[in-house]
Amino acid sequence: MPAKRIAVVDRDRCNPRKCGLECIKYCPEVRMGVEDTIKLVDSTLVIDEELCTGCGICVKKCPFSAISIVNLPAPVEGEEVHRYGINGFTLFRLPVVRPKKIVGLVGPNGVGKTTSISILSGNLKPNLGRIDEEPDWEEIIKRFRGSELQEYLRRLSNGEVTVINKPERIDKIPKVVKGKVKLVLEKIDERNLLDEAIDLLSLREVLDREIKELSGGELQRVALTAAYIREGDVYVLDEPSNYLDVYQRMNAAKLIRRLQEAGRSVILVEHDLAVLDYLSDYIHVLYGEPGVYGVVSYPHSTREGINIFLDGYLPDDNVRFRDEPISFLQRVGSPDISEKIVVSYTKLAKKLNGFSLHVEEGEIHSGEVVVVVGPNGIGKTTFVRILAGELKPDDGIVLTEGVKVSYKPQHVKPTYEGTVESLLRKAAGSNYSSPYFRTEVIKRLGIEKLLDRYLDEISGGELQKVAIATCLGREADIYLIDEPSAFLDVEARFAAAKAIRRRIKGEDRAVIVVEHDLLTIEAAADRIMVFRGTPGREGHASKPMDPRKGLNIFLRDVDITFRRDPETGRPRVNKPGSKMDQLARARGRYYP
Ligand code: ADP
Ligand code: ADP
Ligand code: SF4
């Protein structure tokens, strides 16, 4: 039995001056005379959760889709930790911070990861869901009596915990931090570890550059270094893998481990499941309704936590939070790949500003997804742009005559001035109403709620989803999709991989994807192209090959080995030097 209902009004969307107040007019309770159920208070729509019966009529009547009425899962009643204002998002429970441990948080965007870490960082004082009469620290601590968090919150409220943050939105850093990288970092080297971090994250080359000149990957590594070298008790690292290639992710992971080895606690929010799995000592799964409510699960062992997340069912709360599990059934060959060739190219060569790229000849068949892997700066995007016809090779020929290409660039910008729906209709034409586009793209990627929004009002993750949808909507023979998982949460990464695969199922089309997230690579790939060489100087691209063979070559270069989880079949990184790691290396099987 559902316990309690909450009513949430999205204040950015609710516009009582323009909507005609249909929600109030049609509410059966108001019509029966219970006028306080839903009303305007100082021009703000307020829904009384005690009086509301949850019929959902206002949800349907609101022209701006601003209202949500949901039944909460029964076990969370009385566990409100924070609510953002009347009818705002509510967070239930908090993650636990343990001494000298790395806690991983996994869940979709909008269910309270940032809210949780703001509270645990001491930046947001929790109100226990009470808006009118906010509790003091004494009461808050009392609420957590008997739990592992009580002592942590007591110390936090007394200013006895120093928390160091690596924010998610590193793109905002250049607006507040100015100057040369070296000078900025030297000023905060409280632990005297700057040299160590510079070497591990390969930052020597950028030390004399200005912060504002750094690329995303460079900025991420500088931000991680800045957190690492400061003195703290707890380090909160929000999405450290963004913008990094697999090599850089593994080096960042080593740096994070060193924090733990030095006796610090770490809170890690991470959407790359291989990295999350590798680093975490235990996991909290977050679930809920994005923007409406979020629940933090009790702590689970890393393996169990990630398996629960993938399965979509949380036994502690007896809640199924996703209809479909995310599965890792290995494909053995793809029945959809035909002999028909969509694109073929001879050996290619291209020079760009001191960088040279060499590509082995290859053919892309209809019905296949070829995933391109390799470090940053090795020529992956250059290769994709040659196939897309944006760049001409210096040597070699690409046979794309008559071949229509649909391209999603790595960096997506909100240049289109209309709504999401008008952009998608324009790109997809008659495909817009096709079952594939409605179900596999718009629904699967969660774009329905964005259709009436303008591109410059949506988040980076939402923009990425729209860019993927725009690319898949176009009629084409080959789809070139550069880094689809950037800015996406785990669910959206797998949803995108599925939408991409379904686009070409049984059709005379092919896809090339550039990707750094290892589990997404596996979920998407029929074949793999491996780029090797020296980033920024020269790159060599292999022919497309069997995914296991390709990943084996790639991971040997990265110097990590994987095993498979016996229950789910998902790939897991072996701890360096562990028995499994030694065995994998001895057999030369870096990828199982
Ligand atoms: P996540 O980190 O999982 O994406 P957040 O904790 O950032 O989730 O946000 C959860 C929800 O809380 C958001 O969708 C938003 O609706 C709401 N929210 C976040 N910050 C605020 C705020 N300062 N005021 C009102 N609502 C907020
Ligand atoms: P990747 O996609 O693997 O990160 P890219 O193909 O973007 O690599 O870049 C490979 C190299 O080519 C980099 O050193 C980059 O600086 C250089 N490069 C890419 N595009 C240009 C360009 N338009 N002009 C000059 N150099 C470029
Ligand atoms: Fe009224 Fe029904 Fe909306 Fe509740 S859900 S406020 S009862 S219309």
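As the structure is a prediction and not an experimental result, all values here were calculated from the model.

Quick look at the overall build of the protein chain now. Of the regular secondary structure elements, the protein chain holds 22 helices and 28 strands. Here the C-alpha atoms of the protein chain give a radius of gyration of 25 Å, agreeing with the 25 Å that 2.2 N^0.38 yields for 592 residues. Over its C-alpha atoms, taken along the principal directions, the protein chain stretches across nearly 75 × 60 × 50 Å. Buried residues in the protein chain amount to 54% of all 592 residues. Expressed as a percentage of contacts within the protein chain between residues at least 6 apart in sequence, the contacts between residues at least 24 apart total 70%. Surface accessibility of the protein chain: about 26,500 Å² in total, with carbon and sulfur atoms responsible for 48%. Taking the average location of the 89 positive side-chain charges in the protein chain and that of its 89 negative ones, the two points are 2 Å from each other.

What follows covers the sheet that holds strand E19 (residues 362-365). With respect to topology, three strands assemble into an open sheet ordered E19-E16-E21, the strand pairing being antiparallel. In this open sheet, the two strands that pair with only one neighbour each are E19 and strand E21 (398-399). In the sheet, strand E16 (residues 341-345) pairs with E19 via four bridges, with the strands oriented antiparallel. By the bridge assignment for E19, Ile 341 is matched with His 365.

Attention now goes to the packing of aromatic side chains. Scanning the model with the defined rule gives nine aromatic pairs in all. With a centroid separation of 5.5 Å and an interplanar angle of 85°, the aromatic rings of Tyr 243 and Phe 487 are classed as edge-to-face. With Tyr 243 in the loop between strand E9 (234-238) and helix H12 (246-261) and Phe 487 in the loop between strand E23 (478-482) and helix H19 (490-504), this pair connects stretches of sequence that are 244 residues apart. A residue is classified by how much of its surface remains accessible, and Tyr 243, at 28% relative accessible area, is partly exposed. Under the relative-accessibility criterion, Phe 487 is labelled partly exposed at 33%. Taking the centre distance of 5.6 Å and the plane angle of 20° together, the rings of Tyr 287 and Phe 321 count as stacked. Pair noted here: Tyr 287 is in strand E11 (residues 282-289) and Phe 321 is in the loop between strand E15 (319-320) and E16, with a separation of 34 residues, a long-range link. Relative accessible area serves as the criterion here: at 1%, Tyr 287 is assigned to the buried category. One aromatic cluster is present, formed by Tyr 345, Phe 383 and Phe 531 through successive ring pairs. Cation over ring: Arg 322 sits above Phe 309, and NZ or CZ is 5.0 Å from the ring centre.

Taken together, Cys 27, Pro 28, Glu 29, Ile 38, Ile 47, Cys 52, Thr 53, Gly 54, Cys 55, Gly 56, Cys 58 and Ile 69 are the residues near ligand 3. Considering only residue class, the shell around ligand 3 consists of eight nonpolar, three polar and one charged.

Here we come to the sheet that holds strand E22 (residues 405-408). Taken together, the eight strands give an open sheet; going across it, the order is E17-E18-E26-E25-E20-E24-E23-E22, and neighbouring strands pair in mixed fashion. Edge positions in the open sheet fall to strand E17 (348-352) and E22, since each of these has one partner strand only. Taking each pair of neighbouring strands and ignoring which way they run, the sheet shows an average axis angle of 15°. In this sheet, strand E26 (residues 538-541) lies alongside strand E18 (residues 355-359) in parallel orientation, the contact comprising four bridges. Paired with His 358 across the two strands is His 540, which belongs to E26. Helix H18 (residues 460-473) contacts E22 and E23 of the sheet and is inclined by roughly 175° relative to E22.

What follows deals with the side chain of Gln 248. Counting through the fold element by element, Gln 248 comes out in helix H12. Gln 248 gets classed as buried once you look at its relative accessible area, which sits at 15%. When neighbours within four sequence positions are excluded, Gln 248 is seen to be in contact with Arg 221, Tyr 243 and Asn 376.

Once that is clear, we can look at the site of ligand 2. With respect to spatial proximity, the complete set of residues near ligand 2 consists of Leu 352, Asn 353, Phe 355, Pro 375, Asn 376, Gly 377, Ile 378, Gly 379, Lys 380, Thr 381, Thr 382 and Gly 536. Between ligand 2 and Ile 378 there is a distance of 3.0 Å, counted from an oxygen atom to a backbone nitrogen or oxygen. Taking Thr 381, its side chain carries an N or O atom lying 2.6 Å from an oxygen atom of ligand 2. Bound to the protein, ligand 2 loses 67% of the 560 Å² it would expose on its own.

With that out of the way, let us pick up the side chain of Asn 552. Relative to the helices and strands, Asn 552 resides in helix H21 (residues 547-558). Among the polar contacts listed, one links the side chain of Asn 552 to the backbone nitrogen of Tyr 590, at a separation of 2.5 Å. When near neighbours in sequence (up to four residues on either side) are disregarded, Asn 552 contacts Gly 588, Arg 589, Tyr 590 and Tyr 591.

Time to look at the state of the cysteines. Considering all chains together, one arrives at zero disulfides under this definition. No disulfide involves Cys 23; its sulfur sits 5.6 Å from the nearest other cysteine sulfur, which is in Cys 19.

Take helix H14 (residues 302-311) next. Of all ten residues that make up H14, seven are buried, and the element is covered over most of its length. Restricting attention to buried positions, one finds in H14 the residues Thr 302, Gly 305, Ile 306, Asn 307, Ile 308, Phe 309 and Leu 310. Considering only its buried residues, H14 is in contact with strand E7 (102-106), helix H13 (273-279), E11, strand E13 (300-301), strand E14 (313-314) and H19. Downstream of H14 by one or two residues, Gly 312 has phi in the positive range, about 85°.

What counts, and where the lines are drawn
Residues numbered from 1 in each chain as written. Chains lettered and ligands numbered in written order. Predicted model: local features only at pLDDT ≥ 70, side-chain atom pairs only at ≥ 80, totals over all residues. Heavy atoms only, no water. Helix = DSSP H or I, 4+ residues; strand = E, 2+ residues; numbered from the N terminus. Rg over C-alpha atoms; globule rule 2.2 N^0.38 Å. Buried < 20%, exposed > 50% of the residue type's maximum accessible area, 1.4 Å probe, protein only. Contact = heavy atoms within 4.5 Å. Areas by Shrake-Rupley, 256 points an atom, 1.4 Å probe, with all protein chains shown as cover. Lys, Arg positive; Asp, Glu negative; His and termini not counted. Charge placed at Lys NZ, Arg CZ, Asp CG, Glu CD. Pairing = 2+ DSSP bridges. Phe/Tyr/Trp six-rings, centres within 6.5 Å; stacked < 30°, edge-to-face > 60°. Lys NZ or Arg CZ within 6 Å of the ring centre and 35° of its normal. Near = heavy atom within 4 Å. Nonpolar A, V, L, I, M, F, W, Y, C, P; charged D, E, K, R; others polar. Axes fitted to C-alpha atoms, helices over the stretch in contact; angles between N-to-C directions. Polar contact = N/O pair within 3.5 Å; in protein donor to acceptor, adjacent residues only side chain to side chain. Disulfide = S-S within 2.5 Å.

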